[in-house]
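Residue-level listing of the chains:
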Amino acid sequence: MTAVLEIEGLRKTYRSRKRGVRHALDGFDMRVEAGQVHGFLGPNGSGKTTTLRTLLGLIRPNGGRMALLGQELPRALPAVAGQVGAIVESPQFFPHFSARDTLGLLAQAGELPRQRVDEVLELVGLRDRAGERVKTYSLGMKQRLAVASALLKNPKLLILDEPANGLDPGGIREMRSLMRDLAAAGMTVVLSSHILGEIQLICDSVTIISLGRRVAYGPVDEVLAAHSQGAVRVRLEAVTDLPQAADTLSRAGVRVTTEADHLMLAGVDKPATVSRLLAERGLYVSELTPVAVDLESVFLELTATAPVPGQHRQVDQSTKVEGGWGA
Amino acid sequence: MSLFVTELRRLAKRRVTRLLLVLLVLGLAGVATAFSFSSHKLSKEVVAAAQVEADHQYRQAVKDWERTVADCDAAKARGEATEERFGPNCGRDWQPQPEMFDPKWNLPYQFDFRAEFPTFIAVFAGAVALFAFIVGASFVGAEWSTGGMMNLLLWRPKRLAVLGTKMAALLTTVLGVTVVLGAFWTLAFWLIGRYRGTTVKVTAGVWRSIGLDGLRAVGIVLAIGAIAFALASLGRHTAMALGAAVAVFAISEIGIRIAVGVLSIPFGDRYVLSTYAQAWFMKQVKLFDYDACQFAKGQCEPAELLVTWQDSALVFGLGAAVVLVAAFWAMRKRDIA
Ligand SMILES: Nc1ncnc2c1ncn2[C@@H]1O[C@H](COP(=O)(O)OP(=O)(O)OP(=O)(O)O)[C@@H](O)[C@H]1O
Ligand SMILES: [Mg+2]
């Protein structure tokens, strides 16, 4: 497989006289293979938008290496820009122009045929409102226009920073099938989003970033498998036996969380050992289910951003990867 | 090239451009129209009528004078004091003279193309420069503040080329507007001169001089457009250029004027921008230093300082160059977020 997007050890430091330095990207790595739909996940302020802006030449990095479509950046950016369509965090458009004018001007600047404008307007569902001024558009309509502007070039690589922001449920579903169609047609899509259910549905692989460093990456099922950590749900015939069972299992080295009517176990290799351990004590298991984790819980665990009752987590409180760059 | 054409189109589509162009045309047309009404051709009849009126005024004055002298004599005969009311000798020495009633004073105003059109070139340049400033600043300022610049850079990731092309599109448009409106402006005033004023002594040399004045007008308009563009791009907002312009105006025309006054610096006006604007159009401005005069020693020729249009070129050229270099340097270096 060839990499369409490669980032190694990318660093971006913001300096301000008042607040000192902030390492928005701190040795970040990322790799996206051709033809994939790749999810780019991370808590607020973890550096997703910074990464994409840097890739697109809007921000100058302080260090690291980047390549798009096999060409080194930023040197080759003008050469590859025609094949990379992007929206970066709810893009704004000149409010007094219509969608058609906006796209028409972009198409002209990119030397594209005019009929392409109508094609993408149709594609994102703005055909009938394309003559109206952008100022009068709703949030989701602006977002659709943004996606249209990214699709205009018919790019090889499509970079979408939170494209579902403001879309209605139907719009989200349409976006999902659009991504699938585009990927099927050979386009590589990089998608940053906080809607993890969506990501799990449409992405082949993901990169998870926290505080400017990569905390996990790979195909979605591998990431899920690597972090399901043998979670098992146990119910007993008698709820009153739960404390005793919990005690027994934790003494056997299993991590146990006691819930109202069941136990959640973690780090279990063979569920059979659990039923044997309990049966030896005369405790009878009525249910023993390995729990499939979803991307959301893996994300929360990896980034350490799961809400804790009674605490208000602040931004920048998430997993910090220690060690050298690119760890 | 496609980008240049795109930017020309974008500029022409903007409401600010269209609105200001309409206002500019209406304003210039208004001035020309008003002016055509206030100027009157001095035909033979008008000149003759003025002569008749002057003669009449003279005769009337003589009549009044005679009556006053008579009144005074009568009063004197009654033994009243007349010195105060009628002056010595009953005002006999103040007999009106014909040359005191120049028929010129009775003539209506007549526009003289050769003598006065250069002033109107400056008026025109001022109006168009204002247009260039606002359009130039908002063209790039609005692009920055609405995110249009970022969008464009995703398509054309060559920052300097993008900014340069935008500026070229702006200056081309401003140049076109200046040349076309300037041609109409010249034609309008020539027609006013021809039919409601005078176009005497408009020789080829005069036209050449008008042409040079026009070139300087174009020069200042383009410079101001470029400066506005660069300021708004530096500040990434239209208001930045307007704010900077107001600040420079206040500092130069008010602050420096007061400071040089208080410190009584000789030739203080040479530190004021409007002196250079004036010199640019009038080819030169003479500043005098009356403080150096010692009137006690009798008549004084005050010291002089000549500010020429070449000095103005240096001042405005340097100013424009500094802002432009800063704008392009910032475009190259600064992050776009
Ligand atoms: N222009 C800037 N100046 C200073 N700090 C900045 C700037 N832009 C971003 N940052 C900081 O860099 C870090 C990463 O920001 P970034 O926008 O990349 O986050 P993100 O992952 O896109 O978050 P979100 O999910 O909220 O969009 C944040 O801590 C942010 O405060
Ligand atoms: Mg973001």
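The name given to chain B in an unreviewed UniProt entry is ABC transporter permease, with Micromonospora solifontis as the source organism.

In the nomenclature of an unreviewed UniProt entry, chain A is known as ATP-binding cassette domain-containing protein of Micromonospora solifontis. You can read under Sequence similarities (unreviewed entry) in the UniProt record for chain A the words "Belongs to the ABC transporter superfamily."

Engineer: Whenever I open this one, the UniProt feature "transmembrane region" (unreviewed entry) in chain B confuses me. Can you help?
Structural biologist: All names here are of chain B. UniProt feature "transmembrane region" (unreviewed entry): in the numbering of this structure it lies at residues 120-146, 167-192, 215-234, 241-265 and 313-331. Helix makes up 100% of residues 167-192 and strand makes up 0%, while its end C-alpha atoms are separated by 36 Å. Secondary structure content for residues 313-331 is 100% helix and 0% strand, while the C-alpha to C-alpha distance between its ends is 26 Å.

Engineer: Teacher, can you tell me more about the interface of chain B and chain A here?
Structural biologist: Many authors give the size of an interface as the accessible area that is lost as the parts come together. Residue-level contacts link 29 residues of chain B with 34 residues of chain A. Across the chain B/chain A interface, buried area totals approximately 2,800 Å², and carbon plus sulfur atoms make up 58% of it. The interface formed by chain B and chain A contains two salt bridges. Counting across the chain B and chain A interface gives 14 residue pairs in polar contact (both at pLDDT 80 or more). Of the residues that constitute the side of chain B that touches chain A, the class distribution is eleven nonpolar, six polar and twelve charged.

Engineer: When you look at empty space enclosed by the protein in this model, what are you seeing that I'm missing?
Structural biologist: Take a probe with the size of a water molecule and roll it over the atoms, and the empty space left behind shows itself. A full pass over the atoms with the stated rule returns six cavities of 30 Å³ or more. For the largest cavity, the calculated volume is near 120 Å³. Around the largest cavity, the lining residues are Phe 93, Phe 94, Phe 97, Thr 102, Leu 105 and Leu 106 of chain A together with Arg 10, Glu 143, Gly 148, Asn 151 and Leu 152 of chain B. Looking at the lining of the largest cavity, the elements that each hand over two or more residues are helix 3 (99-109) of chain A together with helix 6 (148-155) of chain B.

Engineer: Would you mind going over the domain arrangement of chain B with me for this structure?
Structural biologist: As far as domains go, chain B holds domain 1 (3-41 + 109-333) and domain 2 (44-106). Here domain 1 of chain B and domain 2 of chain B have C-alpha centroids that lie 52 Å from each other.

Engineer: Quick question: what am I supposed to make of the coordination of the magnesium ion (ligand 2) here?
Structural biologist: Perfect tetrahedral coordination of a metal by four donors corresponds to 109.5 degrees between them, and perfect octahedral coordination by six donors corresponds to 90 or 180 degrees. Residues and elements named next belong to chain A. Every protein donor of the magnesium ion (ligand 2) is accounted for by Thr 49 (OG1) and Glu 89 (OE), and the metal-donor separations fall at 1.9 to 2.0 Å. Note that Thr 49 is positioned in helix 1 (residues 48-55) and Glu 89 in the loop between strand 6 (84-87) and helix 3, a separation of 40 residues in sequence. Accessibility expressed as a relative area gives 11% for Thr 49, which makes it buried. Taking relative accessible area as the criterion, Glu 89 reaches 36% and is therefore assigned partly exposed.

Engineer: Is there a simple way to explain the sheet that holds strand 6 of chain A in this structure?
Structural biologist: Each strand in a sheet pairs with its neighbour through backbone hydrogen bonds, running either in the same direction (parallel) or in the opposite one (antiparallel). Residue and element names in this part refer to chain A. With respect to topology, six strands assemble into an open sheet ordered 6-7-8-3-9-10, the strand pairing being mixed. The open sheet has two edge strands with one neighbour each: strand 6 and strand 10 (213-219). Each strand of the sheet is rotated relative to its neighbour by a mean of 10°, with strand direction disregarded. Here strand 3 (residues 37-41) runs beside strand 8 (residues 188-192); their pairing, made up of four bridges, is parallel. Directly across from Phe 40, in strand 8, lies its bridge partner Ser 192. Contacts from helix 11 (residues 295-303) reach strand 3, strand 9 (205-210) and strand 10 within the one sheet, and its direction differs from that of strand 9 by about 30°.

Reading the values: the criteria
Residues numbered from 1 in each chain as written. Chains lettered and ligands numbered in written order. Predicted model: local features only at pLDDT ≥ 70, side-chain atom pairs only at ≥ 80, totals over all residues. Heavy atoms only, no water. UniProt positions renumbered as here; feature names shortened; annotations may be inferred. Helix = DSSP H or I, 4+ residues; strand = E, 2+ residues; numbered from the N terminus. Contact = heavy atoms within 4.5 Å. Buried area = accessible area lost by both parts, 1.4 Å probe. Salt bridge = Lys/Arg side-chain N within 4 Å of Asp/Glu carboxyl O. Polar contact = N/O pair within 3.5 Å; in protein donor to acceptor, adjacent residues only side chain to side chain. Nonpolar A, V, L, I, M, F, W, Y, C, P; charged D, E, K, R; others polar. 1 Å grid on protein atoms, 1.4 Å probe; cavity = no way out; pocket = protein on both sides within 12 Å on 5 of 7 lines; lining within 4 Å. Points joined across faces, edges and corners; volume = space filled by probe spheres on them. Domains from an automatic or database assignment. Donors = N, O, S within 2.8 Å, 3.2 Å for Na, K, Ca; no water. Buried < 20%, exposed > 50% of the residue type's maximum accessible area, 1.4 Å probe, protein only. Pairing = 2+ DSSP bridges. Axes fitted to C-alpha atoms, helices over the stretch in contact; angles between N-to-C directions.

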